[in-house]
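# Structural features, examined
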Amino acid sequence: MTTQQIPIIEASYDGIVQHLSAGDLPALTRELAPYSAAELVPLFARVDLRQRAVLFRLLSKQRAMEVFEALPPTLQGDLLDGLQHAEVSRLFAELDPDDRLWLLDEVPSVLATQMLRGLPEQDRLQTAALLGYPQGSVGRRMTPEYVSTRASLTVGQTLERVQAHIDDAETVYTIPVLDATRVVVGIVSLRELLAARADDAIEALMRPAHTALATETDEFAARRCADLSLLALPIVDSEERLVGMLTIDDAIRILEHVESEDAARQGGSEPLRRPYLSTPVSTLVRSRVVWLLVLAVGATLTVQVLEIFEATIEQVTVLALFVPLLIGTGGNTGNQAATTVTRALALGDVRPRDIFRVLARESRTGALLGLLLGALGFGIAGALYSLPIGAVIGLTLLAVCTVAAVVGGCMPLLARAVRVDPAVFSNPFISTFVDATGLLVYFAIASAVLGL
């Protein structure tokens, strides 16, 4: 969707909603007519379930299918609840096999079983084969509808195969080359075939193929597909036999889904899995309340530390004024390090075995940041209060920034090492941990410098 298309829908949104509320279906049909399926998707994401079903039924069969394919799986599942069984069966049957898996993950198991039973036998067998792969594996995201060729064939023979399957193959731009046992021995592109002579041998044109195991995580395979700028990535079994293809559009979809989850968890909530305006308030509450409760319990550590050093604060009350500054700076430093390393993990720039290199880099980074902020803190606090107070603030900022950077940088690597999503060690968790340790460091330095 281009940026020019969005204001068009926005300008008509109020009118569409008014026609929906008034039940003026002829006017609503005219209002929807100029828009493409891609332009209508944001509209379907903003209206409620009943209105979504009404809008869908006003579309032509072809355009309704285009809109349905473009909707997120969660909204597809919601829409099916408002349609009759015959419509559900038709829409489900017309989806590509890998797109069916996205939808089946979002609908209740009873409805999923009904939809599978309504499929033609060939489609049901294809879908069942994908369902046999582990949850979260690329085998559940690949398409079994592709065109392959043999090294012994010619360019002309391969192009005939492409033409024969042009209507039922999801991708024809990347063509894996197989041997007699279906092992991937190379790959050719449609562009290369069109540029070659019809009697050229595929064996002379093919190049080594990048592949991924069907049992690998979908994120890992999608990242490889995107990093290598491939239009499609062959997916193989443990014996290197071709079982499907991961297309670039599905790879991008997987990465968007993963990064949405990471962003939500780093912010201390669970991913919504659907557009914001179509998410019930109860779901918004559930996505946030668990982390808030966990962090509230964790924050009691900070309270306990303050209680331990209550006598120190009573002796030098000015120390209490700097508590928000110090814990805020420590939390932000830890968050920055955690976000940077989590992103580097996702891109494959670092791995758990690099933890000591990351520790060294983050300790130096934190120390340099602490020196800069500590010097500033020493100057300001020393000028406003006294040089000893300035020394306490400066030294604490140096220590807190160093500790926070090391903790924030190492947490995601430790999480990956124990096979936990690094985003679970979210920024609020790190902030709570650094708050407590930062206060301990603060009052320890204050006691030493001020002789308390």
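Whatever comes next refers back to the structure up there.
Here is a short report on the structure shown in this document. Per chain, the residues get numbers from 1 upward, laid out in the order the sequence is written. Since the coordinates come from a predicted model, pLDDT governs what is reported: local features require at least 70, and pairs of side-chain atoms require 80 or more to be given and counted, while whole-chain, interface and lining totals use all residues. Computation of side-chain values: all heavy atoms of the structure, hydrogens and water removed.

Here the focus is the environment of Ala195. Numbering goes from the N terminus for both helices and strands, where a helix is a DSSP run of H or I of at least four residues and a strand is a run of E of at least two. If you trace the backbone, Ala195 turns up in helix α12 (residues 190-195). Its relative accessible area of 70% is what places Ala195 among the exposed residues. Exposure categories follow from relative accessible area, calculated using a 1.4 Å probe and restricted to protein chains: below 20% of the type maximum is buried, above 50% is exposed, and the middle band is partly exposed.

Take the pattern of salt bridges next. Any Lys or Arg side-chain nitrogen found within 4 Å of a carboxyl oxygen on Asp or Glu counts as a salt bridge. With the rule as written, the count across this model stands at ten salt bridges. The partner of Arg197 in a salt bridge is Asp199, and the shortest N-O contact between them spans 3.7 Å. Note on Arg197: relative accessible area 57%, which makes it exposed. In this structure, the salt-bridge partner of Glu239 is Arg241, at a minimum N-O distance of 3.1 Å.

Only buried residues count toward a nonpolar core, which is a set of Ala, Val, Leu, Ile, Met, Phe, Trp, Tyr and Cys residues joined through side-chain atoms within 4.5 Å. In terms of nonpolar packing, the biggest core is built from 37 residues, with Leu55, Phe68 and Leu80 touching the most fellow members. With six residues, the top contributor of residues to this core is helix α3 (residues 37-46). Beyond its immediate chain neighbours, meaning those up to four positions away, Leu80 contacts Phe68, Val88, Leu91, Leu103, Val107, Leu111 and Met115. Core analysis: the second largest hydrophobic core is formed by 19 residues, Val305, Phe309, Phe322 and Leu439 among them. Residue contacts follow a heavy-atom distance rule, with two residues in contact if any of their heavy atoms lie within 4.5 Å.

In terms of burial, strand β6 (residues 242-247) is a largely internal element, five of the six residues being buried. A strand pair is defined by DSSP finding two or more bridges across the two strands. As defined by bridge partners, strand β5 (residues 232-236) adjoins β6 across five bridges and the pair is classed as antiparallel. In the sheet register, Ala232 faces β6, and the bridge partner there is Thr247. Joining the antiparallel neighbours β5 and β6 is a turn of five residues, in which Glu240 adopts a positive phi near 70°.

Below, the discussion takes up unusual backbone geometry. Only a minority of non-glycine residues have a phi that is not negative, and only a minority of peptide bonds are not trans. With a phi close to 70°, Arg182 is a non-glycine residue in the positive phi region. Checked against the element boundaries, Arg182 lands in the loop between β2 (174-178) and β3 (184-189). Of note, the phi angle at Ser229 is positive, near 55°, even though the residue is not glycine. Along the polypeptide, Ser229 turns up in the loop between α14 (218-227) and β5. According to the relative accessible area criterion, Ser229 is exposed, its value standing at 64%.

Counting buried positions along β2 yields five of five residues, so the element is predominantly enclosed. Here β2 shows a buried face lined by Thr174, Pro176 and Leu178 and a second buried face lined by Ile175 and Val177. In this sheet, β2 lies alongside strand β1 (residues 149-150) in parallel orientation, the contact comprising two bridges. In the strand pairing of β2, Thr149 is matched with Val177. Pairing between β2 and β3: five bridges, direction antiparallel. Across the sheet, Val177 pairs through a bridge with Gly186, a residue of β3. Count of turn residues in the β2/β3 antiparallel hairpin: five residues, of which Arg182 carries a positive phi of about 70°.

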